[in-house]
Amino acid sequence: MASRLLRTSGLRAVSTVASTTVRPTAVSAVHQFSAARRQFSASTSKMSSFYENWEPEGPTVKTEIPGPKAQEAIKELHEVFDTRSLNMLTDYQKSVGNYIADPDGNVLLDVYAQIASIPIGYNNPVLHEAALSSAMINGIINRPALGNFPPSDWASVLKTGILKVAPKGLDQVFTAMAGSDANETAYKAAFMWRRQKERGGSHVEFTAEEMESAMLNQTPPGSTPLSILSFKTGFHGRLFGSLSTTRSKPIHKLDIPAFDWPQATFPSLKYPLEEHAEENAAAEQAALDEVEHLLTTYHHPPAAVVVEPIQSEGGDNHASPAFFRGLRALTKKHDVLLIVDEVQTGVGATGKFWAHDHWNLQDPPDMVTFSKKAQTAGYYFGNPELRPNKPYRQFNTWMGDPARALLFKAIIGEIERLGLVENTAKVGDYLYGKLEALAEKYPGQFENLRGKGQGTFIAFDNPRRDEFLARAKKAGVNIGGSGQSAVRLRPMLIFQEKHADILCDALEKVVKSFN
């Protein structure tokens, strides 16, 4: 019955979700979402092609944002919770598809998507049905300590979900709680791998001196002075280890003790790329030369290099596939691991499931970290030597969350069923073309437009960025920034050409409002 409620855009409708038979509850869920949608619009002419009777036809702005109801709620919340980073108080029951709602009845096209972490829309009816499955309920109310008490079907859950979309060459996973956690555990794996090699293999036991000095935080031999090499303007999280590799903004790092770890320059490309090919190639080669110098001379030898395919928080900074192939070659040459941080770029946003697929690497990364759109987290790896030689070395109570792994499984099913990675690549090309036209029409307002051929993972610089973002809300769009001046687009995978039209019309209104 529920399959009749789903429009498949030429693809076959399915009657099961996350290995669970679709029940009538899914029908009532869709009806609820449809009722909410009808509050915003009476027209269905521009509804989503993926799900019928779901979205409004466009934004609705009724009040200032925040409006009076939101202001009152924010005031109450601030008494018990720090609201100084608040972007928009949200009514999630009325948020639908690509649209985010607030308590005052404002409904905005959301191209920020909870900092790039909503994959297939608010209140997606298929995810709603997956959440009602007995497997999901069991995972929620009996949340296991996965390292000690994994569910009997945990291997099946991983193989049919998280590992079904594993990057090429990586067939194992360590599950985690969030992106920072994923990166920190990947760093730990790199350090343990390096020391295991130096000892002579996994069979070599720790010495008494190593164990005693480790308990005193002494180096060496128990806590060796190794490092992780990261890049300037990169972002890898806010926990202690990941924060030492984060280089995007001082506010993230102030007052926090940091490791003495190296940072290399990330190439700063000039746009349009085709007009600056020679300069950009030179910048990338200089960056690679700096990486090699640090790998061979830094006083705390790097065990791994961590890099984002697109530096997201640091300003949406890109580099060419050739640069990343050169980086992979250097890490192989110097026997250093390559960790690709796909926390923000992964799960289809760049028009490929993993952004590093754009690079056409001969040898895959050693580890790929993930979170955000996956709704779970962890790192993929292939080399069995990246498993520690003893239990409890890579461990915590939860080690992830079966309920979130099941959610990712359902997300993967919809991505595949609806061809959403291909959709994102196609819509991204369309959106980029419209933004190019705006950049030509309004010089200086859409500077350094970047992300061509990278799905909807697009950004541009604006000289009055913060005011630009504020005015975008008034024009009916929730959008985010990164770095010092970038406006970054992070639409969901269900974003379509009609949404791109609404977005670009709103952006043009914002630019005109400055005149």
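Residues numbered from 1 in each chain as written. Predicted model: local features only at pLDDT ≥ 70, side-chain atom pairs only at ≥ 80, totals over all residues. Heavy atoms only, no water.

Grouped together as the largest cluster of nonpolar side chains are 84 residues, with contacts concentrated most on Phe231, Met367, Tyr380, Phe408 and Ile415. Excluding residues within four positions of it along the chain, Met367 makes contact with Ala186, Ala189, Ala190, Leu337, Leu338, Ile339, Val340, Tyr379, Tyr380, Phe381 and Leu386. Core analysis: the second largest hydrophobic core is formed by 32 residues, Ile458, Phe468, Ala500 and Val511 among them. (Core = buried A, V, L, I, M, F, W, Y, C linked by side-chain atoms within 4.5 Å. Buried < 20%, exposed > 50% of the residue type's maximum accessible area, 1.4 Å probe, protein only. Contact = heavy atoms within 4.5 Å.)

Moving on: the packing of aromatic side chains. As enumerated under the stated definition, the model contains 21 aromatic pairs in all. For the ring pair Trp354 and Phe370, a centre distance of 6.5 Å and an interplane angle of 65 degrees mean the geometry is edge-to-face. Of the two residues, Trp354 sits in the loop between strand E9 (337–341) and strand E10 (367–370) while Phe370 sits in strand E10, which places them 16 residues apart along the sequence. The pair Trp354 / Phe370 is uniform in exposure class, with both members buried. Judged by centre distance (5.9 Å) and plane angle (80 degrees), the ring pair of Phe460 and Phe468 falls under edge-to-face. A relative accessible area of 0% places Phe468 in the buried class. Sitting over the face of the ring of Trp398, Arg143 holds its NZ or CZ atom 4.1 Å from the ring centroid. Taking the ring centre of Phe457 as reference, the NZ or CZ of Arg490 above it sits at 3.6 Å. (Phe/Tyr/Trp six-rings, centres within 6.5 Å; stacked < 30°, edge-to-face > 60°. Helix = DSSP H or I, 4+ residues; strand = E, 2+ residues; numbered from the N terminus. Lys NZ or Arg CZ within 6 Å of the ring centre and 35° of its normal.)

Before going further, it helps to examine the sheet that holds strand E11 (residues 377–381). Strand order in the open sheet formed by seven strands is E5-E11-E10-E9-E8-E6-E7, with mixed pairing between adjacent strands. In the strand order of this sheet, the two ends are held by strand E5 (172–176) and strand E7 (263–264), each with one partner. Pairing of strand E6 (residues 227–231) with E7, which is carried by two bridges, proceeds in the parallel orientation. Counterpart to Ser230 in the pairing with E7 is Gln263. (Pairing = 2+ DSSP bridges.)

Our focus in this paragraph is the environment of Val291. As for its placement among the helices and strands, Val291 is situated in helix H10 (residues 277–297). For Val291 and Pro301, which are ten residues apart along the polypeptide, the C-alpha to C-alpha distance reads 12 Å. Every residue in contact with Val291, bar those within four places of it in the chain, is listed here: Leu229, Phe231, Ala264, Leu327 and Leu330.

Before going further, it helps to spend a moment on the environment of Ala500. In this fold, Ala500 is placed in helix H15 (residues 497–513). Ala500 sits in the buried class, given a relative accessible area of 0%.

With mixed pairing, the three strands of this open sheet are ordered in space as E3-E4-E14. Taken across any chain shown, the strands that pair with only one partner, and hence form the sheet edges, are strand E3 (99–101) and strand E14 (477–478). Taken together, the two bridges between strand E4 (residues 107–110) and E14 define a ladder with parallel strand orientation. Residue pairing in the sheet places Leu109 in a bridge with Val477 of E14. Where H15 meets the sheet, its contacts fall on E3, E4 and E14, and the angle it forms with E4 comes to roughly 105 degrees. (Axes fitted to C-alpha atoms, helices over the stretch in contact; angles between N-to-C directions.)

With that out of the way, let us pick up helix H11 (residues 321–333). Because the α-helix completes a turn every 3.6 residues, residues three or four places apart line up on one side. In a regular helix each residue adds 1.5 Å, so 13 residues correspond to 18 Å; H11 covers 18 Å between its end C-alpha atoms and thus fits that length. The set of residues buried in H11 consists of Phe323, Phe324, Gly326, Leu327, Arg328, Leu330 and Thr331. Elements in contact with the buried residues of H11: E6, H10, strand E8 (302–307) and E9. Looking at the residues trailing H11, positive phi occurs at Asp335, about 55 degrees. (Expected span 1.5 Å × (residues − 1).)

A few words now on a negative patch on the surface. A cluster of like negative charges, contributed by Glu274, Glu275, Glu436 and Glu440, occupies part of the molecular surface. Mapped onto the elements of the fold, Glu440 is located in helix H13 (residues 420–441). (Patch = residues over 30% accessible without salt bridge, like charges linked within 9 Å, V, L, I, M, F, W, Y side chains within 5 Å. Areas by Shrake-Rupley, 256 points an atom, 1.4 Å probe, with all protein chains shown as cover. Salt bridge = Lys/Arg side-chain N within 4 Å of Asp/Glu carboxyl O. Lys, Arg positive; Asp, Glu negative; His and termini not counted. Charge placed at Lys NZ, Arg CZ, Asp CG, Glu CD.)

Right, let's get into the pairing of E6. Across the five residues that make up E6, a large majority, five, are buried. Taking every second residue as pointing to the same face, both faces of E6 are buried, with Ser227, Leu229 and Phe231 on one and Ile228 and Ser230 on the other. Here E6 runs beside E8; their pairing, made up of three bridges, is parallel. The partner of Ile228 across the bridge, within E8, is Ala304.

This part takes up the packing of H13 against H15. In a packed pair of helices, the relevant descriptors are the angle between the two axes and the axis-to-axis distance. For the pair H13 and H15, interaxial distance at closest approach is 9 Å and the crossing angle is 20 degrees. Comparing the axis directions of H13 and H15 gives the class roughly parallel. For the element pair H13 and H15, the recorded crossing hand is right-handed. Between H13 and H15, the residues in contact are Lys426, Val427, Tyr430, Leu431, Lys434, Leu435, Leu438 and Lys441 and Glu497, Ala500, Asp501, Leu503, Cys504, Leu507 and Glu508, respectively. Among the residues making up the contact of H13 with H15, the classes are represented as nine nonpolar, no polar and six charged. (Parallel < 35°, antiparallel > 145°, perpendicular 65-115°, else oblique. Left-handed = near helix turned anticlockwise from the far one by under 90°. Nonpolar A, V, L, I, M, F, W, Y, C, P; charged D, E, K, R; others polar.)

A word on the confidence of the model for the protein chain. When pLDDT is averaged across the protein chain, the result is 91; 91% of the residues are at 70 or more. Residue range residues 1–47 is modelled with pLDDT below 50. Its contacts to residues more than four positions away, or to other chains, number 84 contacts. (pLDDT = per-residue confidence, 0-100.)

We now examine the packing of helix H5 (residues 134–141) against helix H12 (residues 402–418). One can describe the packing of H5 onto H12 by two numbers: an axis separation of 8 Å at closest approach and a directional angle of 150 degrees. Classified by the angle between their axes, H5 and H12 sit roughly antiparallel to one another. Where H5 abuts H12, its residues Ala135, Met136, Gly139 and Ile140 lie against Ala403, Leu406 and Leu407.

All right, on to the side chain of Thr376 then. Within the fold, Thr376 resides in the loop between E10 and E11. The exposure class of Thr376 is buried, given its relative accessible area of 3%. For Thr376, the contacting residues outside a window of four places in its chain are Ile162, Ala176, Phe370, Ser371, Arg404, Ala405 and Phe408.

This next bit is on a nonpolar patch on the surface. There is a patch of nonpolar side chains on the surface, built from Ile137, Ile140 and Ile141 and spanning about 300 Å² of accessible area. Secondary-structure assignment places Ile140 in helix H5. Take Ile140: its relative accessible area is 53%, and that puts it in the exposed class.

Attention now goes to unusual backbone geometry. For the bond from Ile65 to Pro66, the omega torsion is 5 degrees, close enough to zero to count as cis. With respect to the helices and strands, the residue Pro66 is situated in the loop between helix H1 (24–38) and helix H2 (68–78). Omega for the bond connecting Tyr271 with Pro272 falls within 30 degrees of zero, at -5 degrees, which places this linkage in the cis form. With respect to the helices, strands and loops of the structure, Pro272 is situated in the loop between E7 and H10.

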